[in-house]
Amino acid sequence: QVQLVESGGGLVQPGGSLRLSCAASGSIFSIDYMGWYRQAPGKQRELVAIVTSGGTTNYVNSVKGRFTIPGDNAKNTVYLLMNSLKPEDTAVYYCKAGVRRTITSIGDDYWGQGTQVTVSS
């Protein structure tokens, strides 16, 4: 089995910063990608940022220039560095990873439990 454990959410004022962390553990041969999604009340879950094992990144337009997604392949960990936070960034943030458990297996997607980020004065 594979587990994704997130940390780093909380309450921050507009214009502030937060760092989210997501660590993958368990039966892992390789990780194809890791990413962050978010879901605000009454809205669909959306992709925020993603990084592939090769280092390619992609961001939703609304966070470009404010968020970055560095990864640490050696630790199977991905971060989400969030700057210039806005009230509309308020959501539950979920980590997702595409993981191969053996050399011959097809990658499966795994989700973390989510961490709340609230941007409010």
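K.L.:
Looking at this structure, I do not really get unusual backbone geometry. What am I missing?
P.N.:
Across residues other than glycine, the phi torsion is negative in most instances, and most of the peptide bonds are trans. Here the phi dihedral of Asn76 falls at roughly 50 degrees; this positive angle occurs in a residue that is not glycine. Take Asn76: it is sitting in the loop between strand S8 (71–72) and strand S9 (77–82). You will see that Ser84, though not glycine, has its phi angle at about 50 degrees, which is positive. Mapped onto the elements of the fold, Ser84 is located in the loop between S9 and strand S10 (91–100). For Ser84, a relative accessible area of 41% gives the class partly exposed.

K.L.:
When you look at the packing of aromatic side chains in this model, what are you seeing that I'm missing?
P.N.:
Aromatic ring pairs are defined here through the distance separating the ring centres and the angle between the ring planes. Considering all chains together, one arrives at 2 aromatic pairs under this definition. Ring plane angle 65 degrees and centroid distance 5.0 Å describe the contact between Tyr37 and Trp111, whose orientation is recorded as edge-to-face. Of this pair, Tyr37 sits in strand S4 (residues 30–39) while Trp111 sits in strand S11 (residues 108–111), and the two are 74 residues apart along the sequence. Among the residues examined, Tyr37 registers a relative accessible area of 16% and is labelled buried. Look at Tyr94 and Trp111: their rings are 6.4 Å apart centre to centre, the planes differ by 85 degrees, and that puts the pair in the edge-to-face class. On the criterion of sequence distance, the pair formed by Tyr94 in strand S10 and Trp111 in strand S11 is long-range, its members being 17 residues apart.

K.L.:
Sorry, what's going on with the pairing of strand S1 (residues 2–7) here?
P.N.:
On S1, burial follows the alternation: Val2, Leu4 and Glu6 on one face are buried, whereas Gln3, Val5 and Ser7 on the facing-out side are not. Pairing geometry for S1 and strand S3 (residues 18–26), over 6 bridges, is antiparallel. By the bridge assignment, Gln3 is partnered in S3 with Ser25.

The rules behind each value
- Residues numbered from 1 in each chain as written.
- Predicted model: local features only at pLDDT ≥ 70, side-chain atom pairs only at ≥ 80, totals over all residues.
- Heavy atoms only, no water.
- Helix = DSSP H or I, 4+ residues; strand = E, 2+ residues; numbered from the N terminus.
- Buried < 20%, exposed > 50% of the residue type's maximum accessible area, 1.4 Å probe, protein only.
- Phe/Tyr/Trp six-rings, centres within 6.5 Å; stacked < 30°, edge-to-face > 60°.
- Pairing = 2+ DSSP bridges.

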